Amino acid sequence: MEKMLIHGGKRLSGEVTIGGAKNSTVALIPAAILSRAPVMLTGVPHIQDVYNLMSILAEMNVTSDFSGNELRIDPTDIVMADLPSGKIKSLRASYYFMGALLGRFGHAVVGLPGGDDIGPRPIDQHIKGFEALGAKVSDHNGAIVLNAPEEGLHGAHIFLDMVSVGATINIILAAVTAHGQTVIENVAREPEIIDLATYLNNMGATIRGAGTDVIRIEGASKLAANNAHTIIPDRIEAGTYLSIAAAQGDGILVKNIIAEHLDSFLAKLEEMGVVMDVGEDSIFVYPSGELHGVTIKTAPYPGFATDLQQPLTPLLMKADGEALVIDTIYPKRTRHVPELLKMGADIRVEDDHIKINHSEQLTGATVAAEEIRAGACLMLAGLMANGETTITKVDNILRGYDRVVMKLQGLGADVQLVDSAS
Ligand SMILES: CC(=O)N[C@H]1[C@@H](OP(=O)(O)OP(=O)(O)OC[C@H]2O[C@@H](n3ccc(=O)[nH]c3=O)[C@H](O)[C@@H]2O)O[C@H](CO)[C@@H](O)[C@@H]1O
Ligand SMILES: C=C(OP(=O)(O)O)C(=O)O
């Protein structure tokens, strides 16, 4: 296993280009098995989650070839396979194989990823949706077993009890090939859902309303990709580099951005006093002057993303006064806090409220990336700190940040990956 070494304190400058969205990609790859023809994805990020999904595809005799930023997936010789264990447990998003296999074969056995790194991640709404479509669902030793009735899944009217990205996507995957119409209410409106709908519609699906809170699907008997699909830019990676630029930059251009996807984040940066030029598909961040503490409350899109509260936290330490973070989506997403304390941060958690005070100067320390965005937070803290920071459990970062070391080095950061043994 590798660790990341950062010699902090260097000012950064130049350009960085954002990759395709991890949280789209991890849905688009499982969705490829719905296609009766090869699928081409472009703008694919180089992240471990992609490699793990490719291994899972191979278990179903689906070949995939990733070169440059293009991923070609050929599901034409797919065989139905149960996926109770193995790689399926390596990432949360493998649960999208439930909806995709159910849609393709009317049968799925999918193991649930063990451990929870950001608090409980229930899937009751996914299951409620599958059952409404006619599937029988049971739990067999930690794997979910799903079976459609003999005549196949049927359309249904589903109201989600809470806004869930995962449930919205999984139900879409199962419903696109069900008989008749499905209406899903109170769905998530994240851009990644629009991306998935665009991709499936280009395969012949009829999904309307993605991006609003009601999605309507007319079932299609067979789907087949005939165009390459370009994945939307990763708004969370973009937000991470914008934070880095505001905290440690001497002028940084972040390219390949859809600024509308970052509205609530950009509004908070402005409220803090960060000065930016928002271009058509890029944002230039000026070196920061005085910054002000703000309150962040995460919420479903278009609210402030849960995935961005931790990457913003080190910047909040540079601000005057006390800043407050309340994560309403994952209230226990605080695993960065004990690590930041080791670096000298003035931060505490009280009743699921994260309180951040101005921290004059962080110092390098050995810290653990307990989950992906906690890791991103520690990377930024390491870039800001005096001395050397060692980040262990760096796999949690590499599973979702595209070529992060190369990108940071491109901005002038002193960062490298080394083998944990060294
Ligand atoms: C709405 C929201 O901000 N979703 C974020 C969430 O998506 P992710 O897909 O992980 O989570 P969901 O959107 O599915 O869940 C949102 C909330 O609903 C709850 N829930 C979900 C499904 C279910 O069946 N039962 C249930 O109770 C979850 O525990 C959570 O509190 O984390 C991702 C990774 O950090 C982010 O990229 C998403 O933007
Ligand atoms: C927690 C995240 O990812 P995942 O849902 O894949 O665990 C994330 O993207 O911040």
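Treat the numbers as computed from the prediction; the structure is a model and nothing was measured.

### A short note on the site of ligand 2
- The full set of residues close to ligand 2 is K22, N23, R92, I118, R121, D307, R333, I372, R373 and R399.
- In this structure, an oxygen atom belonging to ligand 2 sits 3.2 Å away from a side-chain N or O atom of D307.
- A distance of 2.8 Å separates an oxygen atom of ligand 2 from a polar atom in the side chain of R333.
- Coverage of ligand 2 by the protein chains reaches 96% of its 290 Å² of free accessible surface.
- For the shell around ligand 2, the elements supplying multiple residues, two or more each, are α1 (22-31) and α11 (372-384).
- Lining the shell around ligand 2 are residues from two domains, each supplying at least three of them: domain 1 (2-19 + 233-419) and domain 2 (22-230).

### Here we look at the sheet that holds strand β23 (residues 414-419)
- If you trace the four strands from one edge of the open sheet to the other, you get β21-β22-β1-β23, paired in mixed fashion. Each edge of the sheet is formed by a strand with only one pairing partner; in this case those strands are β21 (366-368) and β23. The mean angle between the axes of side-by-side strands here comes to 25°, regardless of whether they run parallel or antiparallel.
- In this structure, strand β1 (residues 2-7) lies alongside strand β22 (residues 388-392), joined through four bridges in antiparallel fashion. Its bridge partner lying in β22, I6 is registered against T389.

### Notes on the sheet that holds strand β6 (residues 107-111)
- On the basis of which strands lie adjacent, the open sheet formed by three strands has the order β6-β8-β7 and antiparallel pairing. Of all strands in the sheet, those bounded by a partner on one side alone are β6 and β7 (136-140). Ignoring which end each strand starts from, the neighbouring axes of this sheet average 15° apart.
- Taken together, the five bridges between β6 and strand β8 (residues 143-147) define a ladder with antiparallel strand orientation. Bridging from a neighbouring strand, A108 pairs with L146 of β8.
- The sheet strands contacting helix α3 (residues 96-105) are β6 and β8, and the helix crosses β6 at an angle near 160°.

### Brief notes about the site of ligand 1
- Lining the immediate environment of ligand 1, one finds 22 residues, of which R121, Q125, S164, V165 and D307 sit closest.
- At 2.7 Å from an oxygen atom of ligand 1 is found a main-chain nitrogen or oxygen belonging to Q125.
- Contact distances for ligand 1 include 3.2 Å between an oxygen atom and a side-chain N or O atom of R333.
- A total of 710 Å² of accessible area belongs to ligand 1 in isolation, and the protein chains cover 89% of it.
- For the shell around ligand 1, the elements supplying multiple residues, two or more each, are α4 (124-132), α5 (165-175) and α9 (306-317).
- Take the shell around ligand 1: its biggest share by element is three residues, from α4.

### Focus: the pairing of strand β4 (residues 63-67)
- Of the strand pairs in this sheet, β4 and strand β5 (residues 70-74) are connected by five bridges, and their pairing is antiparallel. Within β5, the residue paired with F66 across the bridge is L71.

### As for the pairing of β8
- Among the five residues that make up β8, four are buried, leaving the element largely enclosed by the rest of the structure.
- Bridge count between β7 and β8: five bridges; the pairing is antiparallel. Across the sheet, residue D139 finds its bridge partner in β8, namely I144.
- As consecutive antiparallel partners, β7 and β8 are separated by two residues, and within that stretch N141 has a phi angle of approximately 50°, a positive value.

### Remarks on the domain arrangement of the protein
- When the domains of the protein are assigned, the result is domain 1 (2-19 + 233-419) and domain 2 (22-230).
- One C-alpha centre belongs to domain 1, the other to domain 2, and the line joining them spans 30 Å.
- The contact between domain 1 and domain 2 buries some 1700 Å² in all, and 53% of this surface belongs to carbon and sulfur atoms.
- Three residues stand out in domain 1 for area buried against domain 2, namely Y301, Y330 and R399, and they jointly supply 36% of the buried area on that side.
- Across the domain 1-domain 2 interface, the total number found is two salt bridges.
- Here E192 ties to R235 by a salt bridge, and the two come within 2.9 Å at their closest N and O atoms.
- Across the contact surface, domain 1 and domain 2 share eight residue pairs in polar contact (both at pLDDT 80 or more).
- Across the side of domain 1 that touches domain 2, the residue classes break down as seven nonpolar, three polar and 12 charged.

### Overview of the nonpolar core
- Counting 77 residues, the largest nonpolar core has L41, M60, F97, I172, L196, Y199 and L200 as its most contacted members.
- If you tally residues by element for this core, the top one is α5, at seven residues.
- Look past the residues within four positions of L196 in its chain and what remains in contact with it is A27, L28, A31, I169, I172 and L173.

What counts and how
- Residues numbered from 1 in each chain as written.
- Chains lettered and ligands numbered in written order.
- Predicted model: local features only at pLDDT ≥ 70, side-chain atom pairs only at ≥ 80, totals over all residues.
- Heavy atoms only, no water.
- Near = heavy atom within 4 Å.
- Polar contact = N/O pair within 3.5 Å; in protein donor to acceptor, adjacent residues only side chain to side chain.
- Areas by Shrake-Rupley, 256 points an atom, 1.4 Å probe, with all protein chains shown as cover.
- Helix = DSSP H or I, 4+ residues; strand = E, 2+ residues; numbered from the N terminus.
- Domains from an automatic or database assignment.
- Pairing = 2+ DSSP bridges.
- Axes fitted to C-alpha atoms, helices over the stretch in contact; angles between N-to-C directions.
- Contact = heavy atoms within 4.5 Å.
- Buried < 20%, exposed > 50% of the residue type's maximum accessible area, 1.4 Å probe, protein only.
- Buried area = accessible area lost by both parts, 1.4 Å probe.
- Salt bridge = Lys/Arg side-chain N within 4 Å of Asp/Glu carboxyl O.
- Nonpolar A, V, L, I, M, F, W, Y, C, P; charged D, E, K, R; others polar.
- Core = buried A, V, L, I, M, F, W, Y, C linked by side-chain atoms within 4.5 Å.

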